[in-house]
Amino acid sequence: MSIIAEKVTKTYGNQHALNGVSFQIEKGQIVGFLGPNGAGKSTMMKIITCYIPPTSGKVSVCGFDVMEQSTQAKKHIGYLPELNPLYTDMYVREYLSFVGGMYKIQNLKSRVEEMIETVGLQPEAHKKIETLSKGYRQRVGLAQALIHDPEVLILDEPTSGLDPNQLVEIRNLIVQVGKTKTVMLSTHIMQEVEAMCDKAFIIDRGNIVANNLDIQELAKEGKRLEEIFKDATRK
Ligand code: ADP
Ligand code: MG
């Protein structure tokens, strides 16, 4: 298993964001983490990526506990946070070198060029990040998430705010990258999960309400994710 979450809770003051969330994500899969706004998606992803601690429960990534072995866990995790916070006054190469430097990557210069090619940034790579379109900024965000060659990618609403062309390009890029990695991506768009993912989880108000749905099986059975989502989140 690439990710194991066991009875994870998180409270912010008296706000319950996660109420005992458990799930497992198999190596090599692209998994959709679906839920309405405020469901707890970003909170769960911040816990997996060692940004915030859970209130209780356990999470491991590639066998490493995110609390007790966070240094090892982080080596296996690439993270594209919601709203993709970038240093917008940096140039693309400068930024990627900066991130790569934090991971102490060998041959950093060639690794940065490799990432630029992988995510299709070549035409924009000489520019400052602030001058890039949202779609190209997402490519920079993906490049920084990939630069240390992690086994697991955590992408928080990677396609939100993109125009239709950019959307298709970024989805294709994620599927391409996902061939060799475990990907967990959050979204509230059902069609996106049907188009990209092997499995799906649905979270609502801090609870997993549908666990490990097999997207191909659903398609074979003629079931629509949208219906399952409506049923699961109505209760
Ligand atoms: P999602 O990403 O699914 O939209 P979040 O994980 O961002 O959901 O939020 C889950 C719940 O926790 C929401 O009710 C949100 O308002 C609350 N929440 C998130 N972050 C904080 C915070 N730092 N302080 C207080 N409440 C928060
Ligand atoms: Mg969120």
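Note that the structure is a prediction, hence the values are computed from the model and not measured.

Peer 1: Which parts of the structure should I look at to understand the environment of Arg234?
Peer 2: Along the polypeptide, Arg234 turns up in helix 9 (residues 225-234). Here the alpha-carbon distance between Arg234 and Asp204, two residues 30 residues apart in the chain, equals 9.2 Å.

Peer 1: So what exactly am I meant to see when it comes to the packing of helix 3 (residues 92-102) against helix 5 (residues 134-146) here?
Peer 2: For any two helices packed against each other, the geometry comes down to the angle between their axes and how far apart the axes lie. Two numbers describe how helix 3 lies on helix 5: the axes approach to 9 Å, and their chain directions differ by 25 degrees. When the axis of helix 3 is compared with that of helix 5, the two are roughly parallel. For the pair helix 3 and helix 5, the sense of crossing is right-handed. Within the contact between the two elements, helix 3 uses Val92, Tyr95, Leu96 and Val99 and helix 5 uses Val140, Ala143 and Gln144. Within the contact of helix 3 with helix 5, the residues separate by chemical class into six nonpolar, one polar and no charged.

Peer 1: Explain the packing of aromatic side chains to me, please; I cannot follow it from the model alone.
Peer 2: Geometrically, a pair of aromatic rings is defined through the distance of the ring centres and the angle of the planes. All chains considered together, the criterion is met by five aromatic pairs. Here the basic side chain of Arg139 rests over the ring of Tyr136, its NZ or CZ set 5.1 Å away from the ring centre.

Peer 1: Before we go on, may I ask you to explain the sheet that holds strand 4 (residues 56-61) in this structure?
Peer 2: Within a sheet, neighbouring strands are paired by backbone hydrogen bonds and run either parallel or antiparallel to one another. In spatial order, the strands read 2-1-4-5; together these four strands make up an open sheet with antiparallel pairing. Unpaired on one side and paired on the other, strand 2 (15-25) and strand 5 (64-65) mark the two borders of the sheet. Sheet topology note: the strand 1 (residues 3-12)/strand 2 ladder contains eight bridges and is antiparallel. Bridging from a neighbouring strand, Ile4 pairs with Gln24 of strand 2.

Peer 1: Honestly, the pattern of salt bridges in this entry has me stumped. Any pointers?
Peer 2: Side-chain pairs of opposite charge can arise where the charged atoms are in close proximity. Within the structure shown, the criterion is met by twelve salt bridges. A salt bridge links Arg93 to Glu113; the shortest N-O distance between them is 2.6 Å. Of this pair, Arg93 sits in helix 3 while Glu113 sits in helix 4 (residues 108-118), and the two are 20 residues apart along the sequence.

Peer 1: Please explain the pairing of strand 7 (residues 152-156) as it appears in this structure.
Peer 2: Two faces make up the sheet, and in a regular strand the side chains alternate between them. The element strand 7 is extensively covered by neighbouring structure, given that five of its five residues are classed as buried. In the sheet, strand 6 (residues 77-80) pairs with strand 7 via four bridges, with the strands oriented parallel. When the bridges of strand 7 are listed, Leu80 appears paired with Leu155. Of the pairings in the sheet, the one linking strand 7 to strand 8 (residues 182-187) comprises five bridges and is parallel in character. Across the sheet, Leu153 pairs through a bridge with Val183, a residue of strand 8. Regarding the hand of the β-α-β motif, the stretch spanning strand 7, helix 6 (residues 164-177) and strand 8 is right-handed.

Peer 1: I'm lost on the sheet that holds strand 6 in this one. Help?
Peer 2: If you trace the six strands from one edge of the open sheet to the other, you get 6-7-8-3-9-10, paired in mixed fashion. The sheet is open, and its two edges are formed by strand 6 and strand 10 (207-214), each paired on a single side. For this sheet, the mean angle separating the axes of adjacent strands, direction not counted, is 15 degrees. Two strands pair when backbone bridges link them, and strand 9 (residues 199-204) and strand 10 are joined in this way by five bridges, in the antiparallel orientation. Each bridged residue has a counterpart across the sheet, and for Ala200 the counterpart in strand 10 is Leu213. Along the sheet, helix 1 (residues 41-48) contacts strand 3 (30-34), strand 6, strand 7, strand 8 and strand 9; its crossing angle with strand 8, the most-contacted strand, is approximately 150 degrees. Helix-sheet contacts for helix 9 involve strand 3, strand 9 and strand 10, and the interaxial angle to strand 9 is about 30 degrees.

Basis of the calculations
Residues numbered from 1 in each chain as written. Chains lettered and ligands numbered in written order. Predicted model: local features only at pLDDT ≥ 70, side-chain atom pairs only at ≥ 80, totals over all residues. Heavy atoms only, no water. Helix = DSSP H or I, 4+ residues; strand = E, 2+ residues; numbered from the N terminus. Axes fitted to C-alpha atoms, helices over the stretch in contact; angles between N-to-C directions. Parallel < 35°, antiparallel > 145°, perpendicular 65-115°, else oblique. Left-handed = near helix turned anticlockwise from the far one by under 90°. Contact = heavy atoms within 4.5 Å. Nonpolar A, V, L, I, M, F, W, Y, C, P; charged D, E, K, R; others polar. Phe/Tyr/Trp six-rings, centres within 6.5 Å; stacked < 30°, edge-to-face > 60°. Lys NZ or Arg CZ within 6 Å of the ring centre and 35° of its normal. Pairing = 2+ DSSP bridges. Salt bridge = Lys/Arg side-chain N within 4 Å of Asp/Glu carboxyl O. Buried < 20%, exposed > 50% of the residue type's maximum accessible area, 1.4 Å probe, protein only. Right-handed = clockwise from strand over helix to strand, strands pointing away.

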